[in-house]
Amino acid sequence: DKRYGKNLRAVQQYMKEKADSNVVIIAPTGSGKTEAALYWLNGEKGFYTLPLKVSSNAIYKRIREEYNFKDVALLHSESLQKYIEESVDEQRKDDEEKSAKEKFEKTKMFSAPLTISTVDQLFLFVYKALGTEIMAATLKYSKVIIDEIQSYEPRIVAALIYGLKTISQMGGKFAIMTATLPPVLLDFMNKYGLIKNETYCFGDFSAENVMQRHMIKLYEQEFNLEEIAEESKTKKVLVICNTVKKAQETYRVLEEYTDNVYSLHARYIKKHRKMLEKNIMQFSENRESVGIWVTTQIVEASLDIDFDILYTEMCTADSLLQRMGRCNRKGRYIPSKPNIKIYKTENAKRQVKNRIENTGIYYRDLFERSWECLGVYENRIFTEEQKINYINEVYDTEKIVKTEYYKEIEAYLEYFQELSVNELSKMDGKKKFRMIESVSVMPDKIYNENEDFIEKYQSEIYDRHLGREAKEILKTKLDELTLSITIYNKYSKEG
């Protein structure tokens, strides 16, 4: 209220008025969704969930610093490290700052008035494992915000729908906020008792954004790297690849054309990735900067960046619109020629008989529908309203009912419905929720460069005279030298 006073945007006013109701809203990027969510919380105990740790960190920082609300907590798999970084910075100013470990333990008990979290930390209760009931019990008297629900894969979408139904039945409140809402998700919600205008209020603010930001051009070929290098002499150019391997290859070739090329993907150690994320943000904000950043889908929803032109591999409609949001984000200019160049390469999951062969990262049926429905919007301004029409067409329930995507959501919802209490252990539930087996590794080069520190770590970590806080700081420093590698099956080329 101090910041905005009476100058509320339509979505913020709506959420403020609907603070006592469940709500589902469609609101475009830049319409003030975050503030709308805070108005909806209305000072009550709340949980704000986002798809990625990076975006969770950004919202946490914004609420702490922009709104000076220090009682906000952060909960995801790396939040202890974030607290340690914070306490190291802030204890110089304030000796009474609680230890990072204490703060983390309290966060895990859901004690904060507002917690920014990834969904796996809250919705694990859908697996009905012993020890997860604290989550459901807390959400019973809380408000939970789900940001960008369309970004999740079918298994997590099903967990969210089933979880929101449970929360709603117990008396908790929910708000779903998204820039694009596939109609199939509303149909699944309706099927499981979350009924529009009965269980929740529905607000569509997509027409509020009249900015003319994007014009698209489609290509059935590989990237034109010479063209990209030429554009980079005068523009900020963003290249988004569907896999790390493709991003690395593209970066290496572009290096032959220009020195002004950078890369960001998930195969950097955490320390370097943080630096690169900071660098890409600074590059985006600096009006004078020109050059190329080659990235993967990690920039889709996590970083508030704004480039002049986007070259992207084709992906599914929801991801594609997120990627578009990284180009001309603030509507600095109205494009007179295509500023979004989309290349259809082979990166969809291939359906073979009754199984999915993982030759890419997207379901082939949705990938193909996303491509087919896009053609009519080529070579003209792609308005925000048309983007909603595009999503609605791609995810039309009647047309995708036989797709693997639809069947997976349906199967998981039935699974949660039939699952017996305490059938799974909490650890089994965590494994099923994440479904990604990964291992932390340290590249040889990094190990050799930091051998002295690693030896010191090994000798000091078991020293019983070393305080708990000091040990956690050492662990955090070691963790920053690692990266997380997904364990694929033995036939996978990516492995």
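Look up: the structure comes first, before these words.
Let us look at the structure shown here. Here the structure is a predicted model, which is why all the values come from computation and not from measurement. (Residues numbered from 1 in each chain as written. Predicted model: local features only at pLDDT ≥ 70, side-chain atom pairs only at ≥ 80, totals over all residues. Heavy atoms only, no water.)

### Observations regarding the overall build of the protein chain
Short version of the rule: The helix count covers DSSP runs of H or I at least four residues long, the strand count covers runs of E at least two residues long, and both are numbered beginning at the N terminus. Both definitions apply: the radius of gyration is a C-alpha atom measure, and the globule rule equals 2.2 Å times residues to the power 0.38. We call a residue buried when its accessible area falls under 20% of the maximum for its residue type, exposed when it is over 50%, and partly exposed in between, using a 1.4 Å probe and counting protein chains only. Any two residues whose heavy atoms approach within 4.5 Å are treated as being in contact. Exposure was quantified through the Shrake-Rupley algorithm and a 1.4 Å probe, taking into account, for residues, occlusion by the shown protein chains and nothing else. Just so you know, the count uses Lys and Arg for positive and Asp and Glu for negative, and it drops His and the chain ends. Charge positions come from single atoms, namely NZ of Lys, CZ of Arg, CG of Asp or CD of Glu.
For the protein chain, the count of helices and strands is 20 helices and 18 strands. Expected size for 495 residues packed as a compact globule is a radius of gyration near 23 Å; at 23 Å, the protein chain falls within 12% of this value. Structurally, the protein chain occupies a C-alpha span of about 65 × 60 × 55 Å along its principal axes. Within the protein chain, the fraction of its 495 residues that count as buried is 53%. Considering only residue pairs separated by 6 or more positions, the protein chain has 75% of its internal contacts joining residues 24 or more positions apart. In the structure as shown, the protein chain presents an accessible area of about 24200 Å², 47% of it carried by carbon and sulfur atoms. If you average the places of the 77 positive and of the 78 negative side-chain charges in the protein chain, the two averages end up 2 Å apart.

### Description of the pairing of strand β13 (residues 340-343)
Stated formally: Strands are labelled as partners when DSSP assigns at least two bridges between them. Consider the strands pointing away from the viewer: the crossover is right-handed when the path from the first strand over the helix to the second runs clockwise.
With burial as the criterion, each face of β13 is covered, one bearing Ile 340 and Ile 342 and the other bearing Lys 341 and Tyr 343. Taken together, the four bridges between strand β8 (residues 216-219) and β13 define a ladder with parallel strand orientation. Opposite Leu 218, over in β13, you have Ile 342 as the bridge partner. Pairing analysis gives four bridges linking strand β12 (residues 309-313) to β13, with the strands arranged parallel. Counted as the bridge partner of Glu 313 is Tyr 343 from β13. In terms of handedness, the path from β12 via helix α12 (residues 317-324) over to β13 forms a crossover that is right-handed.

### Regarding the sheet that holds strand β3 (residues 72-75)
Strand pairing in a sheet is mediated by backbone hydrogen bonds. Such pairs are either parallel or antiparallel. Put simply, the test is: As a rule, the C-alpha atoms of each element are fitted with a line to give its axis, helices using only the stretch in contact, and angles between N-to-C directions run from 0 to 180 degrees.
Overall, parallel pairing links the seven strands, which are arranged β3-β4-β2-β5-β6-β1-β7 in an open sheet. Looking at which strands have only one partner, the edges of the open sheet turn out to be β3 and β7 (201-204). Strand after strand, the sheet turns through a mean of 15° between neighbouring axes, direction not considered. Across the sheet, helix α3 (residues 53-65) touches β2 (46-50), β3 and β4 (114-118), and the angle it forms with β4 is around 165°.

### Let's talk about helix α16 (residues 404-418)
Here is the rule: Here the expected length of a helix is defined as 1.5 Å per residue gap, with one fewer gap than residues. This arc is taken over the directions from the axis of the helix to the C-beta atoms.
In this model α16 runs 21 Å from its N-terminal to its C-terminal C-alpha over 15 residues, within 8% of the 21 Å that 1.5 Å per residue would give. Those residues of α16 that fall on the buried side of the exposure criterion are Tyr 405, Tyr 406, Ile 409, Tyr 412, Leu 413 and Phe 416. Along the axis of α16, the buried positions cluster into a sector of 135°, meaning they face one direction only. As for α16, its buried residues are in contact with α7 (154-170), α8 (183-191), β16 (362-363), α13 (364-372) and α15 (397-400).

### Let's talk about the packing of aromatic side chains
To be explicit about the condition: To pair, rings of Phe, Tyr and Trp, with the six-membered ring standing in for Trp, must have centres within 6.5 Å; the planes then decide the type, stacked if under 30 degrees apart, edge-to-face if over 60, and tilted in the middle. Working rule: Lys NZ or Arg CZ, within 6 Å of ring centre, within 35 degrees of ring normal, means a charge sits over the ring.
A complete count under the given rule lists 23 aromatic pairs for this structure. Residues Tyr 60 and Tyr 83 carry aromatic rings whose centres are separated by 6.4 Å and whose planes lie at 65° to one another, so their mutual orientation is edge-to-face. Of this pair, Tyr 60 sits in helix α3 while Tyr 83 is found in helix α4 (residues 79-90), placing the two residues 23 residues apart along the sequence. Here Tyr 60 falls in the buried class, since its relative accessible area comes to 1%. Here the aromatic cluster, defined as three or more aromatic residues joined through ring pairs, consists of Tyr 127, Tyr 162, Tyr 412, Tyr 415 and Phe 416. One cation-aromatic arrangement involves Lys 143 over Trp 40; the distance from NZ or CZ to the ring centre is 4.8 Å. A cation over a ring is seen here: Lys 387 above Phe 382, with NZ or CZ 5.9 Å from the ring centre.

### Examining the nonpolar core
Across soluble globular proteins, nonpolar side chains show a tendency to be buried alongside one another. What counts here: Definition used in this section: a nonpolar core is a set of buried Ala, Val, Leu, Ile, Met, Phe, Trp, Tyr and Cys residues joined via side-chain atoms within 4.5 Å.
Grouped together as the largest cluster of nonpolar side chains are 88 residues, with contacts concentrated most on Phe 123, Val 144, Ile 342 and Tyr 390. Residues Val 11, Ala 37, Ile 84 and Ile 116 belong to the second largest nonpolar core, which totals 31 residues.

### Examining the side chain of Thr 482
Stated precisely, the cut-off is as follows: Nitrogen and oxygen atoms within 3.5 Å of one another constitute a polar contact, given that in protein one can donate a hydrogen and the other can accept it, and given that sequence-neighbouring residues count only through two side-chain atoms.
Positionally, Thr 482 belongs in the loop between α20 (468-479) and β18 (483-486). A polar side-chain atom of Thr 482 sits 2.7 Å from the main-chain carbonyl oxygen of Asp 479. The residues contacting Thr 482, other than those within four sequence positions of it, are Ile 269, Lys 270, Ser 440, Val 441 and Met 442.

### Looking at the state of the cysteines
Let me state the cut-off plainly: By convention in this document, the label disulfide applies to cysteine sulfur atom pairs within 2.5 Å.
Per the stated rule, a full pass over the model turns up zero disulfides. Free of any disulfide, Cys 315 has its nearest cysteine sulfur in Cys 241, 11 Å distant. The class of Cys 315 is buried, set by a relative accessible area of 0%. Sulfur of Cys 373: no disulfide; nearest cysteine sulfur belongs to Cys 315 and is 14 Å away. Cys 373 sits in the buried class, given a relative accessible area of 9%.

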